[in-house]
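# Notes for the structure review
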Amino acid sequence: MWQLSDVEHGQFLELRNSIKDVKHWKNQPMEVVRFLRARPGNVKAAESMFRKMINWRKENDVENILESYTPPQVLLELYPGAMLEGCDKEGDPIYLERLGVTDGPGLIAKVGASEMIRHGIWLREMISKGQWVQDYEKANGKPVKRITIIEDLQGLSRRMLFGGTVGVYNELMRLD
């Protein structure tokens, strides 16, 4: 599925061996290859990145967020984003988030920066595990390898960058 070269396949096996102690559902070939591709030719860096991701998921209780977190209604209403119909050039699904029309300072004042980030984590888990994934895989006859995320900043103004908004937006984009 990933069309690994012989060199990449060897690096993949090396990476799989180096993280075999990690007992987590993310430690499966489809997930591990992403880290190898993110750090081409550098198995140690891919391993470090993978381990940091696992630790981050544990620290933020990401495995339970879909069951344990209910977003505030104001975020559901005023934080626009959606899966788009169709695919990108590689056939991957597309998620569009419209930060440029989101009143960041207003939302931070209402719910706080940490709540916005928690909501962002919840959204990304919904994107990667929602019912649409099974629908997409059935319709396309292949698993979702990647999701293209577009952060639409059109409409973003200087006023929207105050009150901690830049830090929240940077964290949301880092999550992507």
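It should be noted that the structure appears before, not after, this text.
The structure reproduced in this document is the subject of the present report. (Residues numbered from 1 in each chain as written. Predicted model: local features only at pLDDT ≥ 70, side-chain atom pairs only at ≥ 80, totals over all residues. Heavy atoms only, no water.)

Notably, D61 is not glycine yet its phi reads approximately 50 degrees, a positive angle. Relative to the elements of secondary structure, D61 occurs in the loop between helix 3 (43-59) and helix 4 (65-68). Using a relative accessible area of 33% as the deciding quantity, one classes D61 as partly exposed. (Helix = DSSP H or I, 4+ residues; strand = E, 2+ residues; numbered from the N terminus. Buried < 20%, exposed > 50% of the residue type's maximum accessible area, 1.4 Å probe, protein only.)

Turning next to the sheet that holds strand 2 (residues 93-97). In space, the 3 strands of this open sheet follow the order 1-2-3, with mixed pairing throughout. At either end of the open sheet lies a strand with only one pairing partner, and these are strand 1 (81-87) and strand 3 (148-151). The average angle at which neighbouring strand axes cross in this sheet is 25 degrees, direction not considered. Taken together, the 5 bridges between strand 1 and strand 2 define a ladder with antiparallel strand orientation. From the neighbouring strand, C87 faces strand 2, where its bridge partner is P93. (Pairing = 2+ DSSP bridges. Axes fitted to C-alpha atoms, helices over the stretch in contact; angles between N-to-C directions.)

Its 13 residues place the ends of helix 1 (residues 6-18) 19 Å apart at the C-alpha level, agreeing with the 18 Å of an ideal helix rising 1.5 Å per residue. Buried residues of helix 1: Q11, F12 and L15, and no others. Take helix 1 and look down its axis: the buried residues cluster within an arc of 105 degrees, on one side only. Its buried side turned inward, helix 1 meets helix 2 (29-38) and helix 3. (Expected span 1.5 Å × (residues − 1). Arc of directions from axis to C-beta. Contact = heavy atoms within 4.5 Å.)

Two side chains of opposite charge can pair, provided their charged atoms sit close to one another. Overall, the coordinates contain 13 salt bridges when judged by the stated rule. Between D21 and R51 there is a salt bridge, with the nearest N and O atoms lying 2.7 Å from each other. Placement of D21 in the loop between helix 1 and helix 2 and of R51 in helix 3 is noted, with a sequence separation of 30 residues between them. Here R98 makes a salt bridge to D152, at a shortest N to O gap of 3.5 Å. Within this pair, whereas R98 is found in the loop between strand 2 and helix 6 (104-111), its partner D152 is found in the loop between strand 3 and helix 9 (165-175), the two being separated by 54 residues in sequence. Relative accessible area serves as the criterion here: at 32%, R98 is assigned to the partly exposed category. (Salt bridge = Lys/Arg side-chain N within 4 Å of Asp/Glu carboxyl O.)

On to the nonpolar core. Counting residues in each nonpolar core, the largest one holds 19 residues, and the members touching the most others are L75, Y79, M116, V168 and L172. The greatest single-element share of this core, amounting to 5 residues, is contributed by helix 7 (residues 113-129). The residues contacting L75, other than those within four sequence positions of it, are Y69, L107, V111, E115, M116 and H119. (Core = buried A, V, L, I, M, F, W, Y, C linked by side-chain atoms within 4.5 Å.)

For K142, the position within the fold is in the loop between helix 8 (131-140) and strand 3. For K142, a relative accessible area of 33% corresponds to the partly exposed category. C-alpha of K142 to C-alpha of G91: the two residues are 51 residues apart in sequence and 9.9 Å apart in space. Discounting residues that sit within four places of it in the chain, K142 has contacts with E90, G91, Y136 and E137.

Positionally, R146 belongs in the loop between helix 8 and strand 3. Judged by its relative accessible area of 36%, R146 falls in the partly exposed class. Sequence separation between R146 and S128 is 18 residues, and the spatial gap between their C-alpha atoms is 9.1 Å. When near neighbours in sequence (up to four residues on either side) are disregarded, R146 contacts W2, D92 and P93.

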